[in-house]
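If you want the building blocks of each chain, they are given just below.
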Amino acid sequence: MAFEGLSERLQETMKKITGKGKVSEADVKEMTREVRLALLEADVNYKVVKDLIKRIKERAVGQEVMESLTPGQQVIKVVRDELTELMGGEQSKIAVANKPPTVIMMVGLQGAGKTTTTGKLANHLRKNSNRNPLLVAADVYRPAAVDQLETLGEQLDLPVYSKGTVANPVDIANEAIEKAKAEHHDYVIIDTAGRLHVDEDLMDELQQVKTNMNPDEIFLVVDSMTGQDAVNVAESFDSQLDISGVILTKLDGDTRGGAALSIRSVTGKPIKFAGMGEKLDQLEPFHPDRMASRILGMGDVFSLIEKAESEVDEKKAKEMQNKMKSASFTFEDFLEQMEQVKNMGPLDELVNMMPGANKMKGMKNMQVDDKQLSHIEAIIQSMTKKERVEPSIINASRKKRIAQGSGTSVAQVNRLLKQFEEMKKMMKQMTSSKKGKKGGMNLPFM
Amino acid sequence: MSFFKKLKDKVSKQTEEVTDKFKDGLSKTRDSFTTKVNDLVARYRQVDEEFFEELEEILISADVGVNTVMEFIEELEMEVKRRNIKDTEEVKEVISEKLVEIYYGDDDESLEALNIQEGDLTVILVVGVNGVGKTTSIGKLAYQLQQEGKSVVMAAGDTFRAGAIDQLDIWGQRAGVNVIKHSEGADPAAVTYDGIQAAKSRGADVLLCDTAGRLQNKVNLMKELSKVHKVIEREIPDAPHETLLVLDATTGQNALSQAKTFKEATDVSGIVLTKLDGTARGGIVLAIRNELNIPVKYVGLGEQITDLQPFNAHQFVYGLFGDLMTRVENDEDDSDDKNN
Ligand SMILES: Nc1nc2c(ncn2[C@@H]2O[C@H](COP(=O)(O)OP(=O)(O)OP(=O)(O)O)[C@@H](O)[C@H]2O)c(=O)[nH]1
Ligand SMILES: Nc1nc2c(ncn2[C@@H]2O[C@H](COP(=O)(O)OP(=O)(O)OP(=O)(O)O)[C@@H](O)[C@H]2O)c(=O)[nH]1
Ligand SMILES: [Mg+2]
Ligand SMILES: [Mg+2]
């Protein structure tokens, strides 16, 4: 076959692009051609791929190639960053209603795994949060759907509310809530019949159930093997029901699961859980970062990139420390450090993590919030190269220019200059009083 | 006679009703595809790189599959160059022709019919991944065969999934067909064996064997399936006469991997493509025909007992690209008139 093994070809192409320096337009073009095919082969919707490739191109061209990477790998790093961003962070919390019971509704296409996942969620809630859920059999269409849920209830030893197949789903759900209240169930999980997103009558029915129940969560259950149509399905269900999250099933298979990316990008809703098998304990929190690497099929390259990144950080930290010692630390370095810190997460948490940071003299008037950080960044960016390296030359007229350029005031510029001097002093203290502990702290700008 | 005319003649020989139902079920599919191609042709006067790129996207959006699409586009580009076609309207015919070629391959059309042993027991094993529509398709097929006057027996070989036996039982009642079953957790090979014995002793015409859904990368489960297959082989030489792989039309590229692995484990003889009543296009069967040479035998067009249609490549292609071809064909009639 002529086009076998796209991800292998991706690896091959990556090997071909060598050299150092900046990522060139040609490198990016060659790489994105293969990335595009790999994403399409993974079932990411073609429109989503198109947008992604555009952003990747914009971001990658002209990037400095990290020392331990090749330009090809550098582009893959951009791809990974983009994918990870799009996938969002891990979010596997389930809503809790102010007044119990919390109502969860399961919706989706035929055969996606709603009924099975209803059982899995109940098991999860009981095991991990000590909840007492009631399952509700509101699929009155599929042959033996009620039997199926009742069997799962038996396996879990959890109650199932059912009314056979002649009642309508709205009534069933209403009565189930009453029962849950009376019997003190804190969660109610409603299994609904599979339906096509274009089936107006059945979609109306779901809307009625929603209006009646006012559910705290509506989970769209999606088969991870879904192809290009995933966007249409997710878009329809979301626009008609405003779903609160997605559960991706059958991820224990060998599908690349590009549907995950498509669904995220059209709905923006979090994928909360992953079904990892047919058994009732095979539900896991969804890991967006792992999904990104699975979709591209390049797990090993991803870990290589991560290693390179941590190496770079270590190396930079060392350099920085030397600079601190010799007090040759400049605003230029400051800016770079800020970038690194910004990638690490919320600042107050970081400050708290620093041993003895809050006791340290000079730390108090240096509170950092993210807004302040962007001011600082703007001020430094308005300085000339020379000013950054040799802040002592910054006189009154320079201050005025910097303030204007950064949209801040001269007072703010003054404050930063003062803080910077204090900091340099402090850094010297910190690095000379090493007291056995080495490294450990590479946040010099604090 | 042009290719399209041949195709249309073939289709119109089918009963009107069947063709209509087929076209109805596929209407969403057809509309989206033909609308897109026609729109494309209208927007581009010249066949250039961008034109091919957009065509590539249209095909990919139908889940045809990257490999097949790339091959297709490459061949199309060559063909267009060879015939020196510049006008997009002209290229339309080549597109349809080529697509149909992929569908047909070198196959004999009779491959699409079920391999029924007249006057003897026919065993049909139904396999596939989870939730694709195996049990439902068996129910529909049982009804259809029953309607044709055959006596049918079903074996409830899914002893694993909650409610699977009850589900087949309900289909048995709907179709008026007996179901051979054990209890949940029983050995599927043993149920199948009993099914064969029952079908034999009752002198049944067809035995339909349900199996549990399994993902193709589960080695143990695939072995279990091979075992079921072997039991059937051992009991009746030449059986199973059909091993039908059920594929969900919503599935993307993984369907190709499903087809490959199930073919290895059970020697799949045909495909049932379900859920074509949605907006998914099931274009992956193109790739499967192209790469694995497994023919589609039935399509599922809904959840009702009558929503199963024998697959007919002519109809499928006509349904999928019908509007597209009608246009080309009308143009052709026009030019015929002029020539006369
Ligand atoms: N391997 C695997 N199988 C799963 C998973 N989740 C569900 N299944 C299987 O998928 C099939 C369909 O699951 P159901 O729970 O019946 O799906 P449903 O969405 O309720 O189906 P309908 O009610 O018919 O629309 C069953 O065979 C399940 O065992 C999973 O995470 N992994
Ligand atoms: N819309 C539509 N739904 C279908 C079609 N075929 C099956 N279904 C539905 O798909 C769901 C799954 O069907 P099943 O027959 O239980 O699938 P299965 O392959 O036997 O599932 P497992 O035994 O759990 O692996 C059910 O809700 C069916 O009603 C079809 O052609 N169109
Ligand atoms: Mg269900
Ligand atoms: Mg089944």
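Analysis parameters
Residues numbered from 1 in each chain as written. Chains lettered and ligands numbered in written order. Predicted model: local features only at pLDDT ≥ 70, side-chain atom pairs only at ≥ 80, totals over all residues. Heavy atoms only, no water. Helix = DSSP H or I, 4+ residues; strand = E, 2+ residues; numbered from the N terminus. Buried < 20%, exposed > 50% of the residue type's maximum accessible area, 1.4 Å probe, protein only. Areas by Shrake-Rupley, 256 points an atom, 1.4 Å probe, with all protein chains shown as cover. Pairing = 2+ DSSP bridges. Axes fitted to C-alpha atoms, helices over the stretch in contact; angles between N-to-C directions. Contact = heavy atoms within 4.5 Å. Buried area = accessible area lost by both parts, 1.4 Å probe. Salt bridge = Lys/Arg side-chain N within 4 Å of Asp/Glu carboxyl O. Nonpolar A, V, L, I, M, F, W, Y, C, P; charged D, E, K, R; others polar. Polar contact = N/O pair within 3.5 Å; in protein donor to acceptor, adjacent residues only side chain to side chain. Parallel < 35°, antiparallel > 145°, perpendicular 65-115°, else oblique. Left-handed = near helix turned anticlockwise from the far one by under 90°. Phe/Tyr/Trp six-rings, centres within 6.5 Å; stacked < 30°, edge-to-face > 60°. pLDDT = per-residue confidence, 0-100.

*Asks:* Would you mind going over the overall build of chain A with me for this structure?
*Replies:* Along chain A, the regular secondary structure elements total 18 helices and eight strands. Per-residue burial for chain A yields a buried fraction of 54% across its 446 residues. Surface accessibility of chain A: about 20700 Å² in total, with carbon and sulfur atoms responsible for 48%.

*Asks:* Just to check I follow, could you spell out the sheet that holds strand S5 (residues 242-248) of chain B for this structure?
*Replies:* Residue and element names in this part refer to chain B. With mixed pairing, eight strands are arranged side by side in an open sheet as S3-S2-S4-S1-S5-S6-S7-S8. Edge strands, defined here as strands with exactly one partner in the open sheet, are strand S3 (178-180) and strand S8 (308-310). Strand after strand, the sheet turns through a mean of 25 degrees between neighbouring axes, direction not considered. Sheet topology places strand S7 (residues 296-300) next to S8; three bridges connect them, and they run antiparallel. Paired with Val299 across the strands is Gln309, a residue of S8. Taken strand by strand, helix H9 (residues 188-201) contacts strand S2 (152-157), S3 and strand S4 (206-211), and its axis lies near 165 degrees from that of S2.

*Asks:* What should I look at first to understand the interface of chain B and chain A in this one?
*Replies:* Often the size quoted for an interface is simply the accessible area lost on bringing the parts together. The interface of chain B with chain A comprises 44 residues on the first partner and 39 residues on the second. Summed over both partners, the interface of chain B with chain A buries about 3700 Å², with 56% contributed by carbon and sulfur atoms. With a shortest N-O distance of 2.4 Å, Lys218(B) and Asp252(A) are connected by a salt bridge. Listing elements by their share of the side of chain B that touches chain A, those giving two or more residues are helix H3 (27-43), helix H4 (49-61), helix H5 (66-82), helix H8 (164-175) and helix H11 (254-266) of chain B. Classifying every residue of the side of chain B that touches chain A gives ten nonpolar, 18 polar and 16 charged.

*Asks:* Where do I start with the side chain of Asp63(B) in this structure?
*Replies:* Tracing the sequence through the fold places Asp63(B) in the loop between H4 and H5. On the accessibility criterion, Asp63(B) (1% relative accessible area) is buried. Among the polar contacts listed, one links the side chain of Asp63(B) to the backbone nitrogen of Gln228(A), at a separation of 2.8 Å.

*Asks:* Before we go on, may I ask you to explain the packing of helix H4 (residues 71-87) of chain A against helix H10 (residues 259-267) of chain A in this structure?
*Replies:* Two quantities define a packed helix pair, namely the angle between the axes and the distance from one axis to the other. All names here are of chain A. Direction vectors running N to C along H4 and H10 enclose 60 degrees, while the axes themselves pass 9 Å from each other. Considered as vectors, H4 and H10 are oriented oblique to each other. For the pair H4 and H10, the crossing hand works out as left-handed. Contacts between H4 and H10 involve Leu83, Leu86 and Met87 from the first element and Ala260, Leu261, Arg264 and Ser265 from the second. Partitioned by chemical class, the residues of the contact of H4 with H10 number five nonpolar, one polar and one charged.

*Asks:* Quick question: what am I supposed to make of the environment of Leu52(A) here?
*Replies:* Residues and elements named next belong to chain A. Inspection of the secondary structure assignment puts Leu52 in helix H3 (residues 46-60). Through-space distance from the C-alpha of Leu52 to that of Val79 is 8.5 Å; in sequence the pair is 27 residues apart. Once residues within four sequence positions are removed from consideration, Leu52 is found in contact with Leu39, Glu82, Leu83, Leu86 and Leu261.

*Asks:* Would you explain the packing of aromatic side chains in this entry?
*Replies:* When we look at a pair of aromatic rings, we describe it by the centre distance and by the angle of the planes. All names here are of chain A. By the definition in use, this model includes two aromatic pairs over all chains. Taking the centre distance of 4.0 Å and the plane angle of 20 degrees together, the rings of Phe331 and Phe420 count as stacked. Residue Phe331 is found in helix H13 (residues 331-342), and its partner Phe420 is found in helix H18 (residues 410-432); the two are separated by 89 residues along the sequence. Accessibility assignment for this pair places Phe331 and Phe420 in one class, buried.

*Asks:* Help me understand the confidence of the model for chain A in this model?
*Replies:* Detailed reading of the predicted coordinates is not advisable wherever pLDDT falls low. Residue and element names in this part refer to chain A. In this model, chain A carries a mean pLDDT of 83, and residues with pLDDT of at least 70 account for 81%. In the model, residues 345-367 has pLDDT below 50 throughout and makes 28 contacts with residues more than four positions away in sequence or in other chains. Residue range residues 434-446 is modelled with pLDDT below 50. Its contacts to residues more than four positions away, or to other chains, number 31 contacts.

*Asks:* I'm lost on the sheet that holds strand S5 (residues 217-223) of chain A in this one. Help?
*Replies:* Through backbone hydrogen bonds, the strands of a sheet pair up, either in parallel or in antiparallel fashion. Residues and elements named next belong to chain A. Reading across the sheet, the eight strands line up as S3-S2-S4-S1-S5-S6-S7-S8 and stay open at both edges, with mixed pairing between neighbours. For this open sheet the edge positions go to strand S3 (160-161) and strand S8 (283-285), each flanked by a neighbour on one side alone. Where strand S6 (residues 245-249) and strand S7 (residues 271-275) come together, three bridges link them in parallel fashion. Each bridged residue has a counterpart across the sheet, and for Ile247 the counterpart in S7 is Phe273. Contacting strand S1 (102-107), strand S2 (133-138), strand S4 (187-192), S5, S6, S7 and S8, helix H5 (residues 114-129) crosses the sheet at an angle of about 170 degrees to S4. Across the sheet, helix H7 (residues 169-182) is in contact with S1, S2, S3 and S4; its angle to S2 comes to roughly 165 degrees.

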